Amino acid sequence: GDSVTQMEGPVTLSEEAFLTINCTYTATGYPSLFWYVQYPGEGLQLLLKATKADDKGSNKGFEATYRKETTSFHLEKGSVQVSDSAVYFCALSDRANFGNEKLTFGTGTRLTIIP
Amino acid sequence: DGGITQSPKYLFRKEGQNVTLSCEQNLNHDAMYWYRQDPGQGLRLIYYSQIVNDFQKGDIAEGYSVSREKKESFPLTVTSAQKNPTAFYLCASSKASEIYSNQPQHFGDGTRLSIL
């Protein structure tokens, strides 16, 4: 079945540091890939997405590239801010299910940025 | 503004009681979902519904029930059969499904359920 494996946290960085959160996946079909962010006490917000191989999703300075050859979708940001402190979830939606938009989530990575 | 409203934000249940969590959306989305979030386990799908009056079990449906009588509403009942109900519950919705769909899901702010 489908699965998503995320870098275990927590991750603590200083402000302006470079961020990478690793995400790899297994899927039976042709998945779309997503990164969601969850701020304390809130639901999940879509951060970025990619729908096919070599697509790059980007938003708010974050980027992730869909790498089919390595089945990866690593999240990166060049210079993190305190406001980026949150839990980040990698997820996939496997289009082999033909319209079934069930998302499979990773376990989440808690990121804390220190001023 | 369109969005998903979950209520209440905090809910307490006594042992043996059923409780119902509300989820309403005004995004005109066809599909709705319920997830459970436990520390260190990510999100797990409880139930989902792609159209009114139809729903399917997710990965952890035991001890839960849902209804979808209106497009806008997808309430979740946590029954007394759910032995470990303490968790954070998230409702989500998305546009109509299509082959090769890439529609993201939109989430509410969640309901935290605790057992007294």
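Look above for the structure.
Rules and cut-offs
- Residues numbered from 1 in each chain as written.
- Chains lettered and ligands numbered in written order.
- Predicted model: local features only at pLDDT ≥ 70, side-chain atom pairs only at ≥ 80, totals over all residues.
- Heavy atoms only, no water.
- Phe/Tyr/Trp six-rings, centres within 6.5 Å; stacked < 30°, edge-to-face > 60°.
- Helix = DSSP H or I, 4+ residues; strand = E, 2+ residues; numbered from the N terminus.
- Buried < 20%, exposed > 50% of the residue type's maximum accessible area, 1.4 Å probe, protein only.
- Lys NZ or Arg CZ within 6 Å of the ring centre and 35° of its normal.
- Patch = residues over 30% accessible without salt bridge, like charges linked within 9 Å, V, L, I, M, F, W, Y side chains within 5 Å.
- Areas by Shrake-Rupley, 256 points an atom, 1.4 Å probe, with all protein chains shown as cover.
- Salt bridge = Lys/Arg side-chain N within 4 Å of Asp/Glu carboxyl O.
- Contact = heavy atoms within 4.5 Å.
- Polar contact = N/O pair within 3.5 Å; in protein donor to acceptor, adjacent residues only side chain to side chain.

## Points about the packing of aromatic side chains
So, point 1. Under the definition given, this model contains 13 aromatic pairs over all chains.
So, point 2. For the pair Phe-62 of chain A and Tyr-88 of chain A, a centre-to-centre distance of 5.6 Å together with 40° between the ring planes defines the contact as tilted. On the criterion of sequence distance, the pair formed by Phe-62 of chain A in strand β8 (residues 62-65) and Tyr-88 of chain A in strand β10 (residues 86-94) is long-range, its members being 26 residues apart. Note on accessibility: Phe-62 of chain A and Tyr-88 of chain A belong to one class, buried.
So, point 3. Members of the aromatic cluster, connected to one another through ring pairs, are Phe-34, Tyr-36, Phe-89 and Phe-105 of chain A together with Tyr-33, Tyr-35, Tyr-48 and Phe-107 of chain B.
So, point 4. A cation over a ring is seen here: Arg-68 of chain B above Phe-74 of chain B, with NZ or CZ 5.9 Å from the ring centre.

## What about a nonpolar patch on the surface?
All names here are of chain B.
So, point 1. A cluster of nonpolar side chains, contributed by Tyr-10, Phe-12 and Leu-116, occupies part of the molecular surface with about 380 Å² of accessible area.
So, point 2. Here Tyr-10 is to be found in strand β2 (residues 10-13).
So, point 3. You can call Tyr-10 exposed: its relative accessible area is 51%.

## A few points about the environment of Gln-6 of chain A
Residue and element names in this part refer to chain A.
So, point 1. Along the polypeptide, Gln-6 turns up in strand β1 (residues 3-6).
So, point 2. Taking the C-alpha atoms as reference, Gln-6 lies 9.7 Å from Phe-73; in sequence the two are 67 residues apart.
So, point 3. Setting aside its immediate chain neighbours within four residues, Gln-6 contacts Ile-21, Asn-22, Trp-35, Tyr-88, Phe-89, Cys-90, Gly-106, Thr-107, Gly-108 and Thr-109.
So, point 4. Within polar-contact distance, the side chain of Gln-6 engages the side chain of Thr-109 at 3.0 Å.

## As for the pattern of salt bridges
So, point 1. Scanning the entire structure with this criterion turns up 6 salt bridges over all chains.
So, point 2. Two residues, Asp-84 of chain A and Lys-77 of chain A, come together in a salt bridge whose shortest N-O distance is 2.8 Å. Summarising the burial analysis for this pair, Asp-84 of chain A and Lys-77 of chain A share the class buried.
So, point 3. For Asp-38 of chain B, the salt bridge goes to Arg-36 of chain B, with nearest N and O atoms at 2.8 Å. By the burial criterion, Asp-38 of chain B is buried, and Arg-36 of chain B matches it.

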